[in-house]
Amino acid sequence: MKYKQFPTDFLWGGSTSAYQFEGGWDAEGKGPSVQDVRKNIPKGTTDFKVASDHFNHWKEDVALMAEMGFKSYRFSISWSRVIPKGIGDVNKDGIKFYNNLIDELLKFKITPIITMFHFDLPAALDKDGGWLNPKIVDAFENYAKVLFENFGDRVKHWLTINEQNIMMLFGEIVGIDFGKSDNKLKAKYQVNHHMMLSQAKANILCHKMVKEGKIGPAPNINPAYPASTKPIDNTATFNLRIMRNFFFLDVAVFGRYHYLVLNYLEKQNSMFEIKEGEMDVLNDKLAKPDFIAFNYYASSTVAMPEKSFKEQKLTDQQVIRSLEGMYQQVPNDNLTKTQFGWEIDPIGFRNVLRELYDRYNLPLIITENGIGGHDKLIDGKVDDQYRIEYYKYHLKEMKVALNDGVEIMGYNPWSAIDLISTHEGSTKRYGFVFVNRDEFDLKDMSRHRKESFFWYKDVIKTNGKNL
Ligand code: BG6
């Protein structure tokens, strides 16, 4: 088959997030985030305080990205490094840190793609009710203004909130506590509404303040398959597809809350509050995203739950999820699994690219995709052939999607360099570059190119021609 090739300005790059990569948790005026003060630390690490010490290695890290040929680098800004209490005084040193990083990237012609929020709310805001407190919307808008004022002259690609859908549906696993509310379901959707408003206001501001600025959401999207040919499993698949994926993106793009979810919440006596004028904000023309960014790891296979069904823990993040009367995820025997039990589905990647483009007709950018494993440094080398295989299959399918006619702007896999996994600490590595630390011993933090580094470098150099 003769493939159409990737556009010459395709954004080949990699991703990280501040709390998993930066370290320097209290350096130079940074305030604590919820990740710095959380009690339920993942089992494979002491904490996120030093992480990969990018705070002290940023020049070396950018040089490695440049050596790989990165055209883009997607990273998040730590809100509490820039505004230590979330609202109020701006930390000049925090601004300086990101200015240096951005300038260094631009020196190598690497396009910065900035996530404004990636699981690390300033602890001071969390104490004040966090995302449940309606005041958060103004705080986020103010934070967005500070970012656009300081970095908008050079940064033209912005992402609002990383994996809002995962935070909202399964927040406990990323350190969000909905526990204090009497009506947990309502609280979750109220949090979501505040995030939607925050996102819309940030989008409006970006379009007003950043010349040629582009902004979009960055959810985690799974394609969903019915577990059988039973019509009722198809109904369950539709439920999951809406409740897990499209409910969130529909608000961003169409300014509407999907009827299926609203109806479900009404039936559960859990409808969240929408104040007067708020739907107008969500429908503001300037609030529309310019692209859809998304993270892709796996697909979901879905059945209608039996009455007797009980949730079981499968692996780490991949708990079998169910919602009574709506959907139940089941294992898919057609798929292989990662060392950590996540199902691997490259064709699902093509499926989801087509589905997203079909529904929203906006350009797509992949902000995460990748495989976590136990890498070992042996005689200065890290043989991560399994990672190369994973990427080969996924990139091939991305190219097929391109040939199906899907508009794709870039690919920024997880992760550029090793960092601390959300659920498994340093046991589970994702990077093209090995960072010499382990779970509980910080060692010397030296950086080592893995085999996948050289492979990806060649993919970028040839603009994906040989895939
Ligand atoms: C995504 C997150 O959900 O998945 C990342 O945006 C996370 O922060 C990644 O690290 C992989 O998950 P995990 O649990 O393996 O680190």
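Being a predicted model, the structure only gives us computed values, none of them experimental. (Residues numbered from 1 in each chain as written. Predicted model: local features only at pLDDT ≥ 70, side-chain atom pairs only at ≥ 80, totals over all residues. Heavy atoms only, no water.)

Visitor: Quick question: what am I supposed to make of the pairing of strand E8 (residues 300-303) here?
Guide: The side chains of a regular strand alternate, residue by residue, between the two faces of the sheet. Here E8 shows no split at all, with Ser300 and Val302 on one side and Thr301 and Ala303 on the other all buried. Pairing of strand E6 (residues 224-226) with E8, which is carried by three bridges, proceeds in the parallel orientation. Each bridged residue has a counterpart across the sheet, and for Tyr225 the counterpart in E8 is Thr301. The pairing of E8 with strand E10 (residues 327-330) spans three bridges and is antiparallel. Residue pairing across strands places Thr301 opposite Val330, the latter belonging to E10. (Buried < 20%, exposed > 50% of the residue type's maximum accessible area, 1.4 Å probe, protein only. Helix = DSSP H or I, 4+ residues; strand = E, 2+ residues; numbered from the N terminus. Pairing = 2+ DSSP bridges.)

Visitor: Explanation requested: the packing of helix H3 (residues 54-68) against helix H5 (residues 92-107) in the structure shown.
Guide: Axes are the key here: two packed helices are described by the angle between their axes and the distance separating the axes. It is at 10 Å that the axes of H3 and H5 come closest, and there the two elements cross at 10 degrees. The orientation of H3 relative to H5 falls into the category roughly parallel. Residues His54, Phe55, Trp58, Lys59 and Val62 of H3 form the contact with H5, whose own contacting residues are Phe97, Asn100, Leu101, Glu104 and Leu105. Of the residues assigned to the contact of H3 with H5, the class counts are six nonpolar, two polar and two charged. (Axes fitted to C-alpha atoms, helices over the stretch in contact; angles between N-to-C directions. Parallel < 35°, antiparallel > 145°, perpendicular 65-115°, else oblique. Contact = heavy atoms within 4.5 Å. Nonpolar A, V, L, I, M, F, W, Y, C, P; charged D, E, K, R; others polar.)

Visitor: Can you walk me through the site of the ligand in this structure?
Guide: As a structural note, the neighbourhood of the ligand is formed by 16 residues, with Glu163, Thr422, His423, Lys428 and Tyr430 the closest of them. Contact between the ligand and His118: an oxygen atom at 2.9 Å from a side-chain N or O atom of the residue. Take His423: an N or O atom from its side chain is 2.2 Å from an oxygen atom of the ligand. Within the complex, the protein chains bury 99% of what would otherwise be the 380 Å² of accessible surface of the ligand. By residue class, the composition of the shell around the ligand is five nonpolar, eight polar and three charged. (Near = heavy atom within 4 Å. Polar contact = N/O pair within 3.5 Å; in protein donor to acceptor, adjacent residues only side chain to side chain. Areas by Shrake-Rupley, 256 points an atom, 1.4 Å probe, with all protein chains shown as cover.)

Visitor: Can you walk me through the sheet that holds strand E7 (residues 292-295) in this structure?
Guide: Within a beta sheet, neighbouring strands are joined by backbone hydrogen bonds and run either parallel or antiparallel to one another. The sheet built from eight strands is open, its strands ordered E5-E4-E3-E2-E1-E14-E13-E7 with parallel pairing. Strands at the two margins of the open sheet, each flanked by one partner only, are strand E5 (214-218) and E7. When strand polarity is set aside, the average angle formed by the axes of neighbouring strands in this sheet is 25 degrees. Strand direction decides the pairing type here: strand E4 (residues 157-162) and E5, joined by four bridges, are parallel.

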